[in-house]
Amino acid sequence: MIMPEIQIQIDLIKEKLEKADTVTVLTGAGISADSGIPTFRGTHGLWKNHRAEELATPAAFSKNPKLVWEWYDWRRGLIASKEPNAGHYMIAEMEKPFTRFHLITQNVDGLHEKAGSTNPVELHGNIWKVRCTGCHGISFNFDVPIKLLPMCKECGGLLRPHIVWFGEPLDKIDIEKSYAAVQNSNVVLIIGTSGLVYPAASLAGMARENGAFVVEINLERTPISEEMDVTLIGKAKDLLPFFIR
Ligand code: OAD
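Residues numbered from 1 in each chain as written. Predicted model: local features only at pLDDT ≥ 70, side-chain atom pairs only at ≥ 80, totals over all residues. Heavy atoms only, no water.

As for the site of the ligand
Neighbouring residues of the ligand: 23 residues in total, closest Phe 40, Arg 41, Thr 193, Ser 194 and Asn 218. With respect to the ligand, the backbone of Gln 106 contributes an N or O atom lying 3.2 Å from an oxygen atom. In isolation the ligand offers 800 Å² of accessible surface; the protein chains occlude 94% of this area. Take the shell around the ligand: its biggest share by element is 3 residues, from helix α2 (residues 29-33). Grouping the constituent residues of the shell around the ligand by class yields 9 nonpolar, 10 polar and 4 charged. (Near = heavy atom within 4 Å. Polar contact = N/O pair within 3.5 Å; in protein donor to acceptor, adjacent residues only side chain to side chain. Areas by Shrake-Rupley, 256 points an atom, 1.4 Å probe, with all protein chains shown as cover. Helix = DSSP H or I, 4+ residues; strand = E, 2+ residues; numbered from the N terminus. Nonpolar A, V, L, I, M, F, W, Y, C, P; charged D, E, K, R; others polar.)

Some words on the sheet that holds strand β4 (residues 125-132)
Spatial strand order, β5-β4-β6: 3 strands in an open sheet with antiparallel pairing. Only two strands of the sheet have a single neighbouring strand rather than two, namely β5 (138-140) and β6 (159-163). Put simply, the sheet's adjacent strands are angled 45° from each other on average, direction ignored. (Pairing = 2+ DSSP bridges. Axes fitted to C-alpha atoms, helices over the stretch in contact; angles between N-to-C directions.)

Describing unusual backbone geometry
Only a minority of non-glycine residues have a phi that is not negative, and only a minority of peptide bonds are not trans. Leu 148 connects to Leu 149 through a cis peptide bond whose omega is -15°. On the secondary structure map, Leu 149 appears in the loop between β5 and β6. In this chain, Tyr 198 is followed by Pro 199 through a cis amide linkage whose omega measures 5°. We note that Asn 119 has phi near 50°; this positive angle belongs to a residue other than glycine. Here Asn 119 shows up in the loop between α8 (111-114) and β3 (121-122). A positive phi angle, close to 70°, is found at His 136, a residue other than glycine. Structurally, His 136 can be placed in the loop between β4 and β5. Look at His 136 and you get exposed, because its relative accessible area is 54%. (Buried < 20%, exposed > 50% of the residue type's maximum accessible area, 1.4 Å probe, protein only.)

Quick look at the nonpolar core
Side chains of a nonpolar character, in soluble globular proteins, are inclined to be buried together. Judged by nonpolar contacts, the single largest core of 24 residues is most densely connected at Ile 13, Ile 191 and Leu 240. For this core, the secondary-structure elements that each account for two or more residues are α1 (4-19), β1 (22-27), α7 (86-94), β2 (100-105), β7 (187-191), β8 (213-218), β9 (230-233) and α11 (236-239). Among all residues touching Leu 240, those that are not within four sequence positions of it are Ile 31, Gly 87, Met 90, Ile 91, Met 94, Ile 191 and Ile 217. Counting residues in each nonpolar core, the second largest holds 22 residues, with Ala 60, Phe 61, Trp 128 and Trp 165 among its members. (Core = buried A, V, L, I, M, F, W, Y, C linked by side-chain atoms within 4.5 Å. Contact = heavy atoms within 4.5 Å.)

Overview of the packing of aromatic side chains
This structure, assessed with the given rule, holds 8 aromatic pairs. Measuring from ring centre to ring centre gives 5.4 Å for Phe 40 and Trp 47, while their planes differ by 40°; the resulting arrangement is tilted. Taking relative accessible area as the criterion, Phe 40 reaches 22% and is therefore assigned partly exposed. Plain terms: the ring middles of Phe 140 and Phe 142 are 5.4 Å apart, the flat faces sit at 5° to each other, and that makes the pair stacked. Across this residue pair, the class does not change: Phe 140 and Phe 142 are exposed. When the ring centre of Trp 165 is taken as reference, the NZ or CZ atom of Arg 160 above it lies at 3.8 Å. (Phe/Tyr/Trp six-rings, centres within 6.5 Å; stacked < 30°, edge-to-face > 60°. Lys NZ or Arg CZ within 6 Å of the ring centre and 35° of its normal.)

Things to note about the sheet that holds β8
To summarise the sheet geometry, strands pair through backbone hydrogen bonds and adopt either a parallel or an antiparallel arrangement. Ordered by their spatial adjacency, 6 strands build an open sheet running β3-β2-β1-β7-β8-β9, and the pairing between neighbours is parallel. With one partner strand each, in any of the chains shown, β3 and β9 form the two edges of the open sheet. For β1 and β7, the ladder comprises 5 bridges, and the chain directions are parallel. Of the residues in β7, the one forming a bridge with Val 25 is Leu 189.

These figures capture arrangement, not role.
Take a look at the structure:
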């Protein structure tokens, strides 16, 4: 049973999507929460029990690469045991009706691709990729568990997760693609992100300034809710099916 005020919001978003030819979706950990993957913040968030500065910074890796790798190996095992949910599949389905469709994700779990999304911009990297600290070569590695410490087959250097850690810059091309996407979209959907980590958190405001209709889908209001045209409260997996043409 949908509350009448939510139905009004859903109808408005559907109307905007009907008229749109360019759409961007930005996702955060909330989209994968419905698959059973913990988010970072909130009551059961990863950063409640783990200190980001000991696990997700270049300094942490230099100090104790084994500890960092053990944490990523645990997360890889967890993610490997999960599947995409209806939210991921709906986003993959949304690519079809629009002339241009862009997916930007802060997630590193690879579930968007697994659900069929093509070429998402992975702003924070991908947990299934490793990067050599010596020759900087990037490759896929799906081993669960991964052999610790993993070494580069090309040069023998230490491999690290291909993840953007705190204090590291995002890939320049990914940022440019993301800015271009939101600046040229008629509708932007911001799904399951706390809006606390930049520059991803700046994309909503940028979209709005450029005339997009900006929608947030989240379990609760966030610090970026003020920048939205509509904030739709609920689970992504329950709400996204309304927007499939
Ligand atoms: P957060 O954990 O900060 O926020 C998750 C958001 O998803 C919260 O606002 C929740 O309310 C919402 N949420 C939870 N379940 C949901 C559901 N079923 N449907 C809709 N929304 C739901 O995760 P992010 O914003 O993605 O970076 O975090 C951003 C970055 O901070 C991450 O990429 C990670 C982290 O530190 C790095 O590791 C570099």
